[in-house]
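Architecture and fold: a report
In case you want the letters, here they are:
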Amino acid sequence: MNRDQLRSYIENLEPFVETPGAFEHLRQTFVELALAGKLTTPSAAQNSGFDLLKSILEQRQALELKGTMGPVDAGHPMFADLPSRWTLAYLGDLLSHCRNGCSASPNTNGDGYPLLRISAGTSRKDGYVDLNDIKYAVLGSEQAEPFMIQPGDLLACRFSGSLGLVGRVAQVPDEVPRPTLHPDKLILMRAISVRHDYLRVAMGSSAVRRQIEAVAATTAGNIGINGRQVKALVVPLPPLEEQEQIAGKVRSAVSLVNRLQVERTNAQTSLSQAFVDLVTA
C-alpha cells in the first residue's frame, strides 16, 4: 500500500473497523511505509546512511568491539527498494551491547531485585516494556549489575511458544523507578549512534521479521533465536534526522490506531482527519 492508497483507506474508516485484524494491519502499514522512506522528508544538508555507518564502524574500532561484519553486500535484495540516501547494515555492527539476561531462579514473594517476565517485553501494543510485569530474583549487587536495564534500552524476545513473538523488540520507558533486571530470555541491546526508537520500529518491519522467522528454531515446543542470529539481521539505516522522523510518525500513528480501536465510531471523523494530516505532513 502506498501513501495515496493509505489516504483513501483512512478517509473511509467506517467499514474498515469491522474487519478482523484491521487495527494490527493499519499499525503495520504505517511501519512499512516509514521503513520505505515514504513518510519522511530528507534534508539537503544531512549526511547519508552510508556516512553514518562509516562513523559507527570507526567508533566500534575505537571501542575495540569484536565481531564487526562490515558493509552489507551491494547485491542484497533489500537494497532494491531502499531510498538512495539510506544504506543497509548488520544489526550487530550497530550495537555496543547485545547479551542475554539473568538466569537466576525467580520468585514471586518479593525477595531480591525485580526481574522482568518475558511477557513484559511482548504485551504492550505501543512497543514499550511493561515495568510492572515482574517476578523477583535474589542476587548480590555485583551479580545483578550486568543485568540492570537502563531507560531507552531495547529488549528482544529470544524464546517463545509463538513465532510472532520471537524477536519482537520493546523499549524500556524513559523512567525506571527502581533497579530492575532483564531475564535470560530477553536479549538486551544498546546501539552506537542509532536511535533506539527507530531500531524498535525497524525490527518490526516485514523485511526484518522474515529474516527472524527464517532462522528461528524450535526446541522442546518453543521457538527461539540466539544473539548471534540477532546480530546477523540486516536492517535499513537512514540518516539520523530521518530516524527521528520515522520514530515520531510511527509513534503518532500507533497512538491514533489505539485510540480508534478503543473509541470506534465516536472517534472516526476526527481521527480520520488526524491520519490524513499525519500521512501528508
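The structure we're discussing is the one just above.
In short, a report on the structure. (Residues numbered from 1 in each chain as written. Predicted model: local features only at pLDDT ≥ 70, side-chain atom pairs only at ≥ 80, totals over all residues. Heavy atoms only, no water.)

1. With respect to the overall build of the protein
To keep it simple, the criterion reads: Secondary structure elements follow DSSP: runs of H or I of four or more residues count as helices, runs of E of two or more count as strands, with numbering from the N terminus. Note on classification: 1.4 Å probe, protein chains only; a residue is buried when its accessible area is under 20% of the maximum for its type, exposed when over 50%, partly exposed between these limits. The contact criterion used is simple: two residues touch if any of their non-hydrogen atoms lie within 4.5 Å. The Shrake-Rupley method, run with a 1.4 Å probe sphere, supplies the accessible areas, and residue values consider only the shown protein chains as cover.
The helix and strand tally for the protein stands at ten helices and eleven strands. Counting the 281 residues in the protein, one finds 49% classified as buried. Long-range pairs, those at least 24 residues apart, make up 77% of the contacts in the protein between residues at least 6 apart in sequence. Total accessible area on the protein stands at roughly 13,600 Å², and carbon and sulfur atoms take up 48% of it.

2. Remarks on the environment of R85
Here R85 lies in the loop between α4 (49-63) and β1 (87-90). For the pair R85 and D51, spaced 34 residues apart in sequence, the C-alpha to C-alpha distance is 9.5 Å. Apart from residues lying up to four places away in sequence, R85 is in contact with G37, T40, P42, Q46, S48, G49, P239 and E242.

3. So, the nonpolar core
As a reminder of what qualifies: Buried Ala, Val, Leu, Ile, Met, Phe, Trp, Tyr and Cys residues form a nonpolar core when they are joined through side-chain atoms within 4.5 Å.
Of all hydrophobic cores here, the largest spans 53 residues; its most connected members are L94, M189 and L199. The element contributing the most residues to this core is helix α3 (residues 22-35), with seven residues. Leaving out residues up to four positions away in the same chain, L94 has contacts with L53, I56, A89, R190, A191, I192, V194, L199, V235 and L237. One finds I134, Y136, L155 and L186 within the second-largest nonpolar core, a separate group that totals 13 residues.

4. Concerning the pattern of salt bridges
Rules: Think of a salt bridge as a Lys or Arg side-chain nitrogen and an Asp or Glu carboxyl oxygen that are within 4 Å of each other.
All told, the structure shown has nine salt bridges when counted by the stated rule. When the shortest N-O distance is used, the salt bridge between R158 and D184 registers 2.5 Å. Of this pair, R158 sits in the loop between β5 (154-157) and β6 (159-160) while D184 sits in the loop between β7 (169-171) and β8 (186-191), placing them 26 residues apart in sequence. What makes R158 buried here is its relative accessible area of 16%.

5. Some words on the environment of K38
Note that K38 resides in the loop between α3 and α4. Along the sequence, K38 and P83 sit 45 residues apart, while their C-alpha atoms lie 9.2 Å from each other.

6. Thoughts on the environment of Y113
Mapped onto the elements of the fold, Y113 is located in strand β3 (residues 113-116). Setting aside its immediate chain neighbours within four residues, Y113 contacts K135, Y136, A137, L139, G140, S141, A144, M148, P179 and L181.

7. A look at the sheet that holds strand β10 (residues 222-224)
What counts is decided by this rule: Any two strands with at least two DSSP bridges between them are considered paired.
If you walk across this open sheet you meet the three strands as β6-β10-β9, and the pairing is antiparallel. The open sheet has two edge strands, β6 and β9 (217-219), and neither has a second partner. Pairing of β6 with β10 involves two bridges; the strand directions are antiparallel. In the sheet register, S160 faces β10, and the bridge partner there is I223.

8. Quick notes on unusual backbone geometry
With a phi angle near 60°, E64 is a residue other than glycine that sits in the positive phi range. In this structure, E64 sits in the loop between α4 and β1. For E64, a relative accessible area of 67% gives the class exposed. Unlike most non-glycine residues, S193 shows phi in positive territory, near 55°. Along the chain, S193 falls in the loop between β8 and α6 (196-203).

These values are about where atoms sit, not about what they do.
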